[in-house]
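Below are the chains, spelled out letter by letter.
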Amino acid sequence: MIEFLLNDQPIRTSEAPASALLDFVRYHEQLKGTKIGCREGDCGACTVLVGELNADGQTVNYQSMTSCLTPLGNAHGKHIVTVEGINAAGSQLTPVQKAIVDEGGSQCGFCTVGFVMSLTGHSLSTQPATEKSTIAAIDGNICRCTGYKSLERAAAKLTADLADRPNENALAWLSEKQFVPGYFAGIPAKLAKLRPDEAPVAEASSAVIAAAATAHSNGGSAVSTSPNGHAQNQNDHGHFPPAPFTHPLVGGGTDLMVQRLEELREQPGVRLIFDQPGRRGIRHETTGRVVLGAATTASQLLESDLMRGLLPNLPQYLKLVSSTPIRNMGTVAGNFINGSPIGDLTIMFLALGASVTLLDAASGTRELALPDLYLGYKKLAKAADEQVIEISFPAPLAGDFFHFEKVSKRTHLDIASVNSAAWLRVENGIIQAARVSAGGVGPVPLYLARTSEFLVGRELSAETVSAANAVMQEEISPISDVRGTADYKRLLLRQLLWAHFLQFAPELAVDELI
């Protein structure tokens, strides 16, 4: 039985855990304010807030999520807020709604609810509100009528309204100012009574396939793709998607709910792992390795002080990975297991030297280096009963270099034509160790082993980079598709390799010209 709070009402339902939260809200509960748009997590018209009780048992953390890709079972024990749940008695406008109205930010109105919910979630954040962060909160919402200047003005007005939001007891202030109704104050106590020990799952057979859903920016460069790249017809190398699976694991839902919603909804053996104990979290072990739970989301990477300390530029890299709602949902292990040749997180972690820990049905575990997971397009080196439970990588040292680059048709909310990451350790101008990865230039996410090995022991110079590019070009096998020709992808990867090294050593630009 799935139990959660929908606005100010308790819900108990035996609907399929892998059905879409959007459909439950609209058709079971008749709350039609949440709109059906793309059903792929792109447009944001179906955005809702998902509130989860914090460890203190006294406060709730609200995040925006696209309900079209949220498995209903992932709502278990949480507070789901639709647009109907944010208006006070008398249906007067909230400050968020009023800012959009005052600045002419709505025309047809279809997308407006999504903007309202994303900005309301931002208002509930514990982080200081700046105009930049307010605009970033709507990076998962698309409007095809107004352009965005009116919405940017609304964001500026809202930022000014939030300037007086206190750090302590902010919810009381937000309620007083009618950002949210008064019933929000009682939500922590109600959620405490619902707090699950683990997510509700149907028992699966031993034929579990670890197909946990993933953060966006993963899909193949197909004959026909969504803006986030979900393969709708053919994959990168011209094959049709794999045969239907049985008893899948579902994490955040951001790929599987696009690709196989009807199958998932009808299967009794679906297992939801998004909220299972021990599947989240990031820790730095005494061995020097950083360990992530498999269901750690992209947003949790972004918010992690540990990760940001080790990789100071991580926020700018992760901002290239889809949108805020999808980063709130998509899991790191799901990105790996999706097996896309251009999965952004996969490419980053290949360069970080990551390994995955696999658990089988008999509770046995084994560790596998991430490059060894990929045997071919969507073909993984794991048994049908194995699933990823942890990810680990050696913590970069203070003087190490790490950089991620991505080229896509749009800067944000798009999949890569080519992406790449690089890690280097340099002493006295000599490269002591290197790991370079690339996506979009082969049938799998590539760890460029020969290129990485070639760099070791060589001087950090323009000549070394040029020579490494020659090795790299022999190591890749791009094809021409809707994301670009094979020659174009080769050129892009050459430029990205140079971008890595120029980030590390800008003086190489002068050396190259000389």
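Residues numbered from 1 in each chain as written. Predicted model: local features only at pLDDT ≥ 70, side-chain atom pairs only at ≥ 80, totals over all residues. Heavy atoms only, no water.

A. Broad picture of the overall build of the protein. Scanning the protein for helices and strands turns up 19 helices and 18 strands. Evaluated residue by residue, the protein yields a buried proportion of 56% over its 514 residues. As displayed, the protein offers around 20,300 Å² of accessible surface, 52% of which is attributable to carbon and sulfur atoms. (Helix = DSSP H or I, 4+ residues; strand = E, 2+ residues; numbered from the N terminus. Buried < 20%, exposed > 50% of the residue type's maximum accessible area, 1.4 Å probe, protein only. Areas by Shrake-Rupley, 256 points an atom, 1.4 Å probe, with all protein chains shown as cover.)

B. Looking closely at the packing of aromatic side chains. One pass over the structure, following the stated rule, counts ten aromatic pairs. Consider the rings of Tyr-317 and Phe-402, whose centres lie 6.0 Å apart with planes at 70 degrees: the pair is edge-to-face. Of this pair, Tyr-317 sits in helix α12 (residues 314-318) while Phe-402 sits in strand β15 (residues 401-407), and the two are 85 residues apart along the sequence. Across from the ring centre of Trp-423, 3.9 Å away, lies the NZ or CZ of Arg-435, which sits over that ring. The ring of Phe-454 is capped by Arg-458, whose NZ or CZ atom sits 3.8 Å from the centre of that ring. (Phe/Tyr/Trp six-rings, centres within 6.5 Å; stacked < 30°, edge-to-face > 60°. Lys NZ or Arg CZ within 6 Å of the ring centre and 35° of its normal.)

C. Spatial organisation of the sheet that holds strand β3 (residues 47-53). Spatially, β2-β1-β5-β3-β4 is the arrangement adopted by the five strands of the open sheet, whose pairing is mixed. Each edge of the open sheet is held by one strand with a lone partner, namely β2 (9-13) and β4 (60-66). Here the average twist between neighbouring strands, direction ignored, is 30 degrees. Each of β3, β4 and β5 (79-81) touches helix α3 (residues 112-123); the most contacted strand, β3, lies at about 25 degrees to it. (Pairing = 2+ DSSP bridges. Axes fitted to C-alpha atoms, helices over the stretch in contact; angles between N-to-C directions. Contact = heavy atoms within 4.5 Å.)

D. Summary view of unusual backbone geometry. If you check the backbone angles, Ser-363 has positive phi at about 70 degrees while not being a glycine. Looking at where Ser-363 falls in the secondary structure, it is placed in the loop between β10 (355-359) and β11 (365-369).

E. Looking closely at the sheet that holds strand β18 (residues 446-447). Pairing within the open sheet is antiparallel, and its four strands lie in the order β15-β16-β17-β18. The open sheet has two edge strands, β15 and β18, and neither has a second partner. Note that strand β17 (residues 430-439) and β18 share two bridges and pair antiparallel. The residue bridging Ser-437 from the neighbouring strand is Tyr-447, located in β18.

F. Just the packing of helix α2 (residues 95-102) against α3, in detail. Across the interface, α2 lies against α3 with an axial gap of 9 Å and an inter-helix angle of 130 degrees. Judged by the inter-axis angle, α2 sits oblique to α3. Relative to α3, α2 is oriented so that their crossing is right-handed. Residues Val-96, Gln-97 and Ile-100 of α2 touch α3, and the partners they reach there are Thr-112, Phe-115, Val-116, Leu-119, Thr-120 and Ser-123. Its residues assigned to classes, the contact of α2 with α3 shows five nonpolar, four polar and no charged. (Parallel < 35°, antiparallel > 145°, perpendicular 65-115°, else oblique. Left-handed = near helix turned anticlockwise from the far one by under 90°. Nonpolar A, V, L, I, M, F, W, Y, C, P; charged D, E, K, R; others polar.)

G. Examining the side chain of Ser-123 more closely. Mapped onto the secondary structure, Ser-123 falls in helix α3. Under the relative-accessibility criterion, Ser-123 is labelled buried at 1%. Among the polar contacts made by the side chain of Ser-123, one reaches the main-chain carbonyl oxygen of Leu-119 at a distance of 2.9 Å. Not counting the four nearest positions on each side in its chain, Ser-123 is found in contact with Val-96, Leu-158, Leu-162, Arg-165, Leu-174 and Phe-179. (Polar contact = N/O pair within 3.5 Å; in protein donor to acceptor, adjacent residues only side chain to side chain.)

H. Quick peek at helix α18 (residues 486-504). With 19 residues, α18 should reach 27 Å at 1.5 Å per residue; the first-to-last C-alpha distance of 28 Å fits that figure. Ala-486, Lys-489, Leu-492, Leu-493, Leu-496, Leu-497, Trp-498, His-500, Phe-501 and Phe-504 are the residues of α18 that are buried. (Expected span 1.5 Å × (residues − 1).)

I. The arrangement of the confidence of the model for the protein in detail. Across the protein, the average pLDDT comes to 86, with 89% of residues at 70 or higher. Predicted confidence is poor over residues 198-246, with pLDDT under 50, and the contacts of this stretch with residues over four places away or in other chains come to 194 contacts. (pLDDT = per-residue confidence, 0-100.)

J. Highlighting the environment of Arg-279. Along the chain, the position of Arg-279 falls in the loop between β7 (271-272) and β8 (282-284). When its relative accessible area of 9% is taken as the criterion, Arg-279 is described as buried. Between the alpha carbons of Arg-279 and Ile-389 there is a distance of 6.6 Å; along the sequence they are 110 residues apart.

K. Structural view of the pattern of salt bridges. Tallied over the full model, the rule gives 20 salt bridges. For Arg-12, the salt bridge is made with Glu-3, and the minimal N-O distance between the two is 3.3 Å. With a relative accessible area of 58%, Arg-12 lands in the exposed category. Under the relative-accessibility criterion, Glu-3 is labelled partly exposed at 25%. (Salt bridge = Lys/Arg side-chain N within 4 Å of Asp/Glu carboxyl O.)

L. Highlighting the environment of Gln-9. In this fold, Gln-9 is placed in strand β2. Given a relative accessible area of 45%, Gln-9 falls into the partly exposed group. Here the alpha-carbon distance between Gln-9 and His-79, two residues 70 residues apart in the chain, equals 9.5 Å. Of note is the side chain of Gln-9, whose polar atom sits 3.3 Å from the side chain of Asp-8.

M. Examining the nonpolar core more closely. Counting 70 residues, the largest nonpolar core has Phe-336, Met-348, Phe-349, Leu-370, Ile-391, Phe-402 and Phe-501 as its most contacted members. No other element matches α18, which puts seven residues into this core. In contact with Leu-370, not counting residues within four places along its chain, are Phe-336, Thr-346, Phe-349, Leu-350, Ala-354, Ser-355 and Val-356. Judged by nonpolar contacts, the second largest core, of 32 residues, contains Tyr-62, Val-116, Ile-138 and Phe-184. (Core = buried A, V, L, I, M, F, W, Y, C linked by side-chain atoms within 4.5 Å.)

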